Amino acid sequence: MSGNKVSIFQGLFLFFYRFFILRRWFHRNPKQKHQKSPSHHGLHQAHDLSHHTLVFNVEGALLKSNTLFPYFMLVAFEAGGVIRSFLLFILYPFIDLMSYEMGMKTMAMVSFFGIKKEKFLVGKSVLPKYFLEDVGLEMFEVLKRGGKRVGVSDLPQVMIDGFLGDYLGIEVVVGREMKMIGGYYSGIMEDKKKHEFSFGKSVQEEKLSSGHVIGITSYNFPSHRPLFSQFCQEIYFVRNSDKKSWQTLPRNQYPKPLIFHDGRLAIRPTPINTLALFMWAPFSAVLATARLVAGLNLPYSFAIPFLAFSGLRLTLTVNNDLISPDQKKGCLFVCNHRTLLDPLYISYALRKTNIKAVTYSLSRLSELLAPITTVRLTRDRVQDGLAMERLLSQGDLVVCPEGTTCREPYLLRFSPLFAEVSDSIVPVAIDSHVTYFHGTTASGLKAFDPIFFLLNPYPLYTVRLLDPVFRGGSSTCQDPDDGKSKFDVANHVQHEIGKALGFECTNLTRRDKYLILAGNNGVVDKK
């Protein structure tokens, strides 16, 4: 009986020691510095932080959400495939019951095991978009004022390096390394003590260079608290209530514009969204098959009503009744490039079956399945110009002078080749919206691009025919364009399309996109 009493008293003692004494020790600085919440009277009211080093916890103090599941799901789906992502989803209820550290290790194991390191591009091409959409504006404004910023995270280094270093400009990023076996990820993260040693070393170096280090962490993420207390003169804690009131960092305040991103998923894969995605999958396969068969085999008069009934949405706007200003040739439609289906949607919008399209790179499968004639360009200006002139003499032609797709509200540089083959051009502003899947990819199989687009329940396309542009001897409906060079015409058309869509014009090219997202120049094999 006395033994039971002792065990009860021991349990009560450990309970009070853990939840009161230890908690108070973790939540205070040993040097008795002020610790406040940055959303109230702390860092936001500090006069000058430019001479201080700010050390912040990425998950606890920068990101608004409190779960890391979506980021590991993105890695599992985009780098590992559907089966791996489904396994991670099935394990999520058990992961949610695990400790923070064990849950992190389990998600890393499922997501990374067996993935080849040199082919892992998700960290730089996919994850930055989702991280940026989760950044709290209030904390970002604090970090902007710091002299030097050190971001520390329990996430693998390959997941956060591109986001923090390339897009937010964080000078020092300390994540956990993934162990390798023969060039493949083993799924095992480095030991926590080694990670803490790396963190301590980085903070010590910054402390020696700046003299004053301010730490920003969270009550809800216990990692690194002892190290913050050891190396930082001041510590500020972020509460969940603070995060709930934070605004999301607006796109126009990104330190580096997010122009390119890759990956098939168009939805943030939270547990609820992932459940909806897998529940929709069987229906989407049937629906995409029906849409594909109808679009390839039925005449427009039957295909258009069926596709509309199946959920495909098309909005057509015509600025001017003059569609074919040059009667000697076909009409040259110049459009921005959202998906491989752009020429097909223009064909559906105009109800013309004889429209042809030229493309710089198209998989052999997509070329064979296309219901309209597609011609592959050779990247030889003379040969391509002659081919386009020949096609125009046979009928209407669609060209996408960007040379590649762009998902974000930006327009890439327009190649001026189209201005050499016709004096009359009809600019076409195109936009598309999807629910679950993107119909484009830079690193995946392009043959599946149209199929992924058709897997969405309600994909939307908007096609807007703008006022024709004439070069030499005539004028547009608004301004004279006599004597313009091909470069002026290309820039003018790009500007008009950008203005109609509200997109920003850039000088970036196809090569820039593929170097960033896929590490190559964008040439696609003819398969």
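Predicted model, so just to flag it, every value in this text is computed and none were measured. (Residues numbered from 1 in each chain as written. Predicted model: local features only at pLDDT ≥ 70, side-chain atom pairs only at ≥ 80, totals over all residues. Heavy atoms only, no water.)

A. Inspection of the pairing of strand β10 (residues 356-359) at higher detail. Along β10, one buried face is formed by Lys356 and Val358 and the opposite face, lined by Ala357 and Thr359, is buried too. Across four bridges, β10 lies against strand β11 (residues 373-376) in parallel orientation. Looking across to β11, one finds that threonine 359 is bridged to arginine 376. (Buried < 20%, exposed > 50% of the residue type's maximum accessible area, 1.4 Å probe, protein only. Helix = DSSP H or I, 4+ residues; strand = E, 2+ residues; numbered from the N terminus. Pairing = 2+ DSSP bridges.)

B. Representation of the nonpolar core. The biggest cluster of nonpolar side chains holds 96 residues, and the ones touching the most others in it are Leu62, Phe72, Leu88, Met159, Phe163 and Leu164. The greatest single-element share of this core, amounting to eight residues, is contributed by helix α3 (residues 69-80). Counting contributing residues per domain, this core is built from domain 1 (46-253) and domain 2 (271-471 + 483-518), each supplying no fewer than three. Setting aside residues up to four positions removed in sequence, phenylalanine 72 forms contacts with Leu88, Met104, Met107, Ala108, Ser111, Phe112, Leu155, Pro156 and Met159. Residues Leu392, Ala419, Ala429 and Val489 belong to the second largest nonpolar core, which totals 26 residues. (Core = buried A, V, L, I, M, F, W, Y, C linked by side-chain atoms within 4.5 Å. Domains from an automatic or database assignment. Contact = heavy atoms within 4.5 Å.)

C. Structural context of the pattern of salt bridges. Summed over the entire model, instances satisfying the criterion amount to 17 salt bridges. For aspartate 166, the salt bridge goes to lysine 124, with nearest N and O atoms at 3.3 Å. A residue pair is termed long-range when its members are at least 10 positions apart, and aspartate 166 in helix α9 (residues 157-167) and lysine 124 in helix α6 (residues 122-125) qualify at 42 residues. The exposure class assigned to lysine 124 is partly exposed, which follows from its relative accessible area of 48%. The closest approach of N and O atoms between arginine 381 and glutamate 420, which form a salt bridge, is 3.3 Å. Of this pair, arginine 381 sits in helix α17 (residues 381-394) while glutamate 420 sits in helix α18 (residues 417-421); the two residues are 39 residues apart in sequence, bridging distant segments of the chain. Residues participating in the shared-partner salt-bridge network are Lys129, Glu133, Arg251 and Glu408. (Salt bridge = Lys/Arg side-chain N within 4 Å of Asp/Glu carboxyl O.)

D. Molecular detail of the environment of threonine 67. As for its placement among the helices and strands, threonine 67 is situated in the loop between α2 (58-62) and α3. Sequence separation between threonine 67 and aspartate 96 is 29 residues, and the spatial gap between their C-alpha atoms is 9.7 Å. Among the polar contacts listed, one links the side chain of threonine 67 to the backbone nitrogen of phenylalanine 69, at a separation of 3.2 Å. (Polar contact = N/O pair within 3.5 Å; in protein donor to acceptor, adjacent residues only side chain to side chain.)

E. Region of the structure containing unusual backbone geometry. If you check the backbone angles, arginine 351 has positive phi at about 55 degrees while not being a glycine. Counting through the fold element by element, arginine 351 comes out in the loop between α15 (342-350) and β10.

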